[in-house]
Amino acid sequence: MQKGENIISIALAAVVFFAVFAIQRRWNPASLKEVATSAEDFILTTAGVRGQVPDIAGYERVETVRLEGYRAGLYRATPAPLVFATGRLVIYDRQDEPVFTLETLEGSKEPWTALYDFAGRRGLPAAGNRARPDYARDLTGDGVPDAIIGQYSGGDHCCTVATIVELGTDTVRPIGRIDGLDGIPFEGLEVRKLNKDTSWECIAHRSYLTACGTHAAADVISVYAFANGRYTDQTARFEDYLQDVLRQNLARWRQEKNRSLDLLQTLAVEYAVLGQQDQGKRFFVLNLSLFTPSLRKQDVDPNACLESLEDLVDRVPGVEP
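Residues numbered from 1 in each chain as written. Predicted model: local features only at pLDDT ≥ 70, side-chain atom pairs only at ≥ 80, totals over all residues. Heavy atoms only, no water.

## Focus on the state of the cysteines
(1) Moving on: Throughout the structure, instances matching the rule amount to one disulfide.
(2) Moving on: Each sulfur of the disulfide joining Cys 212 and Cys 305 lies 1.9 Å from the other. Judged by the sign of its S-S torsion, about 90 degrees, the bond between Cys 212 and Cys 305 is right-handed. On the criterion of sequence distance, the pair formed by Cys 212 in the loop between β10 (201-209) and β11 (217-227) and Cys 305 in helix α7 (residues 302-315) is long-range, its members being 93 residues apart.
(3) Moving on: Classification of Cys 212 as buried rests on a relative accessible area of 2%. (Disulfide = S-S within 2.5 Å. Helix = DSSP H or I, 4+ residues; strand = E, 2+ residues; numbered from the N terminus. Buried < 20%, exposed > 50% of the residue type's maximum accessible area, 1.4 Å probe, protein only.)

Next comes the structure, spelled out in structure tokens:
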């Protein structure tokens, strides 16, 4: 019996050996070293396996993201209080040396800081989207990838600050900062190509509250473009885009179901941004009566609403006529 079992074992071993040999001949790697290298590359590029960033004392590691030769680690102080905790986003090079750091605030349950996903929707991964997240893009057209970091500002005016960083071969450096954005973290930011050149523009949406009610606000647009080595407010250069936005919103206004006090205020401000302050005020005055009953129900004085909106229109920087 023992002898029979040995013969079967030897036969099975031979089958396995020749099967592996046949696969090896068809695959034909140059050497076992190449096989090991291929396996190592697979492990290094597979999320969650040998891809973590270093630990930081007093912090828990919340998330790790790969960034064109770098890795970003998001940390949160531990133990976290009930609502939020201090945090830190650190970008590391291949030697796990920190090359860029931002101090943040993080929710105790969900992180408030994120990297803009260019393959997602409004900068965030879309549910059901099979595309892999894309956190780096050459925004400036100089052949160097860039990333956008969105973080809760902790301020009482708005919600999010966006920091644009350049992922150079040896350094990571900030090339732009956009604050006062709506939403956590990217609801108030669009990344679009407005011209035929190679660079991308960042369109910021900021809500300006008025005396027209507790939640009544105007959506004020600013365009940040790359110039002189940085992203700065270049709204005045994009009159054609601003005209197009105004036309689209006027088309929305013509449909009664879309009419709202927010849209009315936004349209008045959009006229002002185009250097047409008087026309914006006139449009607002002519249509404010649609909302007078609802304003009175909220104990809002329509005259106070009008004065507040006119003050906002006068303060909005406009393009040169």
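Moving on, there is more to tell.
## Section: the pairing of β10
(1) Moving on: Pairing analysis gives four bridges linking strand β9 (residues 189-192) to β10, with the strands arranged antiparallel. Its bridge partner being in β10, Val 191 is matched across the sheet by Cys 202.
(2) Moving on: With eight bridges joining them, β10 and β11 adopt antiparallel strand pairing. Paired with Arg 206 across the strands is Val 220, a residue of β11. (Pairing = 2+ DSSP bridges.)

## Here we look at unusual backbone geometry
(1) Moving on: Pro 79 follows Thr 78 through a cis peptide bond whose omega is 0 degrees.
(2) Moving on: Residue position: Pro 79 is located in the loop between β2 (70-77) and β3 (84-92).
(3) Moving on: If you check the backbone angles, Arg 122 has positive phi at about 55 degrees while not being a glycine.
(4) Moving on: Mapped onto the fold, Arg 122 is located in the loop between β5 (114-115) and β6 (146-152).
(5) Moving on: Judged by its relative accessible area of 53%, Arg 122 falls in the exposed class.
(6) Moving on: Of note, the phi angle at Asn 228 is positive, near 55 degrees, even though the residue is not glycine.
(7) Moving on: Within the secondary structure, Asn 228 is located in the loop between β11 and β12 (230-233).

## Some thoughts on the side chain of Gln 265
(1) Moving on: By secondary structure assignment, the location of Gln 265 is in helix α4 (residues 261-273).
(2) Moving on: According to the relative accessible area criterion, Gln 265 is buried, its value standing at 0%.
(3) Moving on: Side-chain polar atoms of Gln 265 contact the side chain of Thr 210, separated by 2.6 Å.
(4) Moving on: Among residues more than four places away in sequence, those in contact with Gln 265 are Thr 210, Cys 212, Ala 216, Ala 217, Ala 218, Phe 284 and Leu 309. (Polar contact = N/O pair within 3.5 Å; in protein donor to acceptor, adjacent residues only side chain to side chain. Contact = heavy atoms within 4.5 Å.)

## Let's talk about a nonpolar patch on the surface
(1) Moving on: Taken together, the side chains of Leu 82, Val 83 and Phe 84 make up a nonpolar region of the molecular surface, amounting to roughly 370 Å² of accessible area.
(2) Moving on: Summarising the element assignment, Phe 84 is placed in strand β3. (Patch = residues over 30% accessible without salt bridge, like charges linked within 9 Å, V, L, I, M, F, W, Y side chains within 5 Å. Areas by Shrake-Rupley, 256 points an atom, 1.4 Å probe, with all protein chains shown as cover. Salt bridge = Lys/Arg side-chain N within 4 Å of Asp/Glu carboxyl O.)

## Structural notes on the packing of α4 against helix α5 (residues 277-288)
(1) Moving on: In contact at an axis separation of 6 Å, α4 and α5 are set at 160 degrees when each is read in the N-to-C sense. Considering the angle they form, α4 stands roughly antiparallel to α5. Pair α4 / α5 crosses with right-handed handedness. Of the residues in α5, those in contact with Leu 261, Leu 264, Gln 265, Leu 267, Ala 268, Tyr 271 and Ala 272 of α4 are Gln 277, Gln 279, Gly 280, Phe 283, Phe 284, Asn 287 and Leu 288.
(2) Moving on: Residues belonging to the contact of α4 with α5 are distributed by class as follows: nine nonpolar, five polar and no charged. (Axes fitted to C-alpha atoms, helices over the stretch in contact; angles between N-to-C directions. Parallel < 35°, antiparallel > 145°, perpendicular 65-115°, else oblique. Left-handed = near helix turned anticlockwise from the far one by under 90°. Nonpolar A, V, L, I, M, F, W, Y, C, P; charged D, E, K, R; others polar.)

## Considerations on α7
(1) Moving on: The end-to-end C-alpha separation of α7 is 20 Å, in line with the 20 Å expected for 14 residues at 1.5 Å each.
(2) Moving on: Considered for burial, the residues of α7 that qualify are Pro 302, Cys 305, Leu 306, Ser 308, Leu 309, Leu 312 and Val 313. Each buried residue of α7 lies within a common arc of 165 degrees when the element is viewed along its axis, so the set occupies one face. Away from the buried face of α7 by more than 90 degrees, exposed residues Asn 303, Glu 307 and Arg 315 are located.
(3) Moving on: Here the buried face of α7 lies against β10, β11, α4, α5 and α6 (292-297). (Expected span 1.5 Å × (residues − 1). Arc of directions from axis to C-beta.)

## With respect to the confidence of the model for the protein
(1) Moving on: This prediction gives the protein a mean pLDDT of 83; 81% of its residues lie at or above 70.
(2) Moving on: Confidence over residues 1-50 falls short of pLDDT 50; this stretch has ten contacts with residues more than four positions distant or in other chains. (pLDDT = per-residue confidence, 0-100.)

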